[in-house]
Amino acid sequence: MSTKEIFQKITIKKGDITKENVDAIVNAANSHLHHGGGVALAIVKAGGQEIQKESDEIINKIGFLPTGNAVITNAYCLPCKFVIHTVGPIYGEGNEDEKLHKAIYNSLYLAHLYNLKSIAFPAVSSGIFGFPKDRCAKILIDTAIEFLSNIKTSIEKVVFCLFDDETYGYFEEYYKNLL
Ligand code: AR6
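For clarity, every value in this text was computed on a predicted model and none was experimentally measured.

Student: Sorry, what's going on with the state of the cysteines here?
Tutor: By definition, a disulfide links two cysteine residues through a covalent bond between their sulfur atoms. Counted by the stated rule, this structure contains zero disulfides. Here Cys136 stays free of any disulfide, with the sulfur of Cys161 as its closest cysteine sulfur at 13 Å. Classification of Cys136 by relative accessible area gives buried; the value is 0%. Note on Cys161: no disulfide assigned, nearest cysteine sulfur contributed by Cys80 at a separation of 11 Å.

Student: Help me out: how do you make sense of the packing of helix α4 (residues 96-113) against helix α5 (residues 133-150) in this one?
Tutor: A pair of packed helices can be characterised by two numbers: the angle between their axes and the separation between those axes. Packing of α4 against α5 brings their axes to within 9 Å, and their N-to-C directions diverge by 40°. Judged by the inter-axis angle, α4 sits oblique to α5. Both α4 and α5 take part in a crossing whose hand is right-handed. On the side of α4, the interface is formed by Asp97, Leu100, His101, Ile104, Tyr105, Leu108, Tyr109 and His112, while α5 contributes Arg135, Cys136, Ile139, Leu140, Thr143, Ala144, Glu146 and Phe147. In the contact of α4 with α5, the residues fall into 10 nonpolar, three polar and three charged.

Student: For this particular structure, what's the right way to read the side chain of Asp23?
Tutor: Secondary-structure assignment places Asp23 in the loop between β1 (10-14) and β2 (24-29). With a relative accessible area of 11%, Asp23 lands in the buried category. Engagement of the side chain of Asp23 in a polar contact is seen with the backbone nitrogen of Lys117, the distance being 2.7 Å. Excluding its chain neighbours within four sequence positions, the residues that come into contact with Asp23 are Cys80, Lys81, Phe82, Leu116, Lys117 and Ser118.

Student: Quick question: what am I supposed to make of the site of the ligand here?
Tutor: Within the structure, the ligand sits among 22 residues, and Asp16, Val39, Ser125, Gly127 and Ile128 are positioned closest to it. Between the ligand and His34 there is a distance of 3.2 Å, counted from an oxygen atom to a backbone nitrogen or oxygen. Within the backbone of Ser125, a nitrogen or oxygen atom sits 2.8 Å from an oxygen atom of the ligand. Here the ligand, which alone exposes 700 Å², has 90% of that area covered by the protein. Mapped by element, the contributors of at least two residues to the shell around the ligand are β2 and α2 (38-47). Along the lines of polarity and charge, the residues of the shell around the ligand split into 12 nonpolar, eight polar and two charged.

Student: I keep staring at the sheet that holds strand β6 (residues 157-162) and nothing clicks. Help me out?
Tutor: Taken in spatial order, the six strands make up an open sheet running β1-β6-β5-β2-β4-β3, and their pairing is mixed. The open sheet has two edge strands, β1 and β3 (70-74), and neither has a second partner. Across the sheet, the mean angle separating the axes of adjacent strands is 25° when strand polarity is ignored. Pairing geometry for β1 and β6, over five bridges, is parallel. Following the sheet pairing, Ile10 is matched in β6 by Val158.

Student: Hey, could you run me through the packing of α2 against helix α3 (residues 49-62) in this one?
Tutor: Where α2 meets α3, the closest approach of the two axes is 6 Å, and the angle between their N-to-C directions is 120°. By the angle between their directions, the pair α2 and α3 is classed as oblique. Taken together, the residues of α3 that come into contact with α2 (itself represented by Ile43, Val44 and Gly47) are Gln49, Glu50, Ile51 and Gln52.

Student: What's the story with the environment of Thr86 in this structure? I'm lost.
Tutor: Here Thr86 lies in strand β4 (residues 82-87). Overall, the relative accessible area of 0% leaves Thr86 in the buried class. When the C-alpha positions of Thr86 and Ile155 are compared, they lie 18 Å apart, and in sequence the two are 69 residues distant. With near-sequence residues (within four places) excluded, Thr86 lies in contact with Val26, Asn27, Ala28, Ala29, Gly68, Asn69, Ala70, Ala103, Ser107 and Val124. Separated by 2.8 Å, the side chain of Thr86 and the backbone oxygen of Asn69 make a polar contact.

Reading guide: rules and limits
Residues numbered from 1 in each chain as written. Predicted model: local features only at pLDDT ≥ 70, side-chain atom pairs only at ≥ 80, totals over all residues. Heavy atoms only, no water. Disulfide = S-S within 2.5 Å. Buried < 20%, exposed > 50% of the residue type's maximum accessible area, 1.4 Å probe, protein only. Axes fitted to C-alpha atoms, helices over the stretch in contact; angles between N-to-C directions. Helix = DSSP H or I, 4+ residues; strand = E, 2+ residues; numbered from the N terminus. Parallel < 35°, antiparallel > 145°, perpendicular 65-115°, else oblique. Left-handed = near helix turned anticlockwise from the far one by under 90°. Contact = heavy atoms within 4.5 Å. Nonpolar A, V, L, I, M, F, W, Y, C, P; charged D, E, K, R; others polar. Polar contact = N/O pair within 3.5 Å; in protein donor to acceptor, adjacent residues only side chain to side chain. Near = heavy atom within 4 Å. Areas by Shrake-Rupley, 256 points an atom, 1.4 Å probe, with all protein chains shown as cover. Pairing = 2+ DSSP bridges.

Just geometry here; none of it tells us what the structure is for.
Set out below in structure tokens:
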């Protein structure tokens, strides 16, 4: 696939990810899947407590979700079909870039395993977890390009749905400079 075709699969937009009409949205979760703040809380508020309940059932089985891993639940009242919960690094814990790359890659891989066509990401780790927004933009976009370049996948559309002007600006700038 050409670089142009890969770039055409990526969309950068400003908005509320809970309103995204894609196959899966990604939740910036913690290792306990306690969706108590940030985009995680917004997802449960909009999608329903069933999302928290299904997350609790996963934690009851596996104990905790290690940083960089991803799991999937149904989306209940959300317009998307699934929620992929991934755990990004807390800024300062060490090896953050690698861990953020892994979280994004594993989210894409899970969507691929479910044969999904479209997926939307928030700026994972760059809110409560304190990861610098400009580096977050670079890692998320680079990881999507790497995945789409290397894997023959069902995924046709990767959306980065950014909540605030500043974060949107960093994503837009990094993406534009790659074109
Ligand atoms: N749509 C899109 N992006 C959003 C929305 C939304 N509705 N709401 C917030 N954001 P954060 P983290 C943006 O803090 O840094 C939670 O308590 C937000 O502006 O949600 O990975 C979890 O349970 C920021 O740009 O995630 C964890 O404990 C981005 O989403 C912890 O926070 C990520 O911010 C995870 O922290």
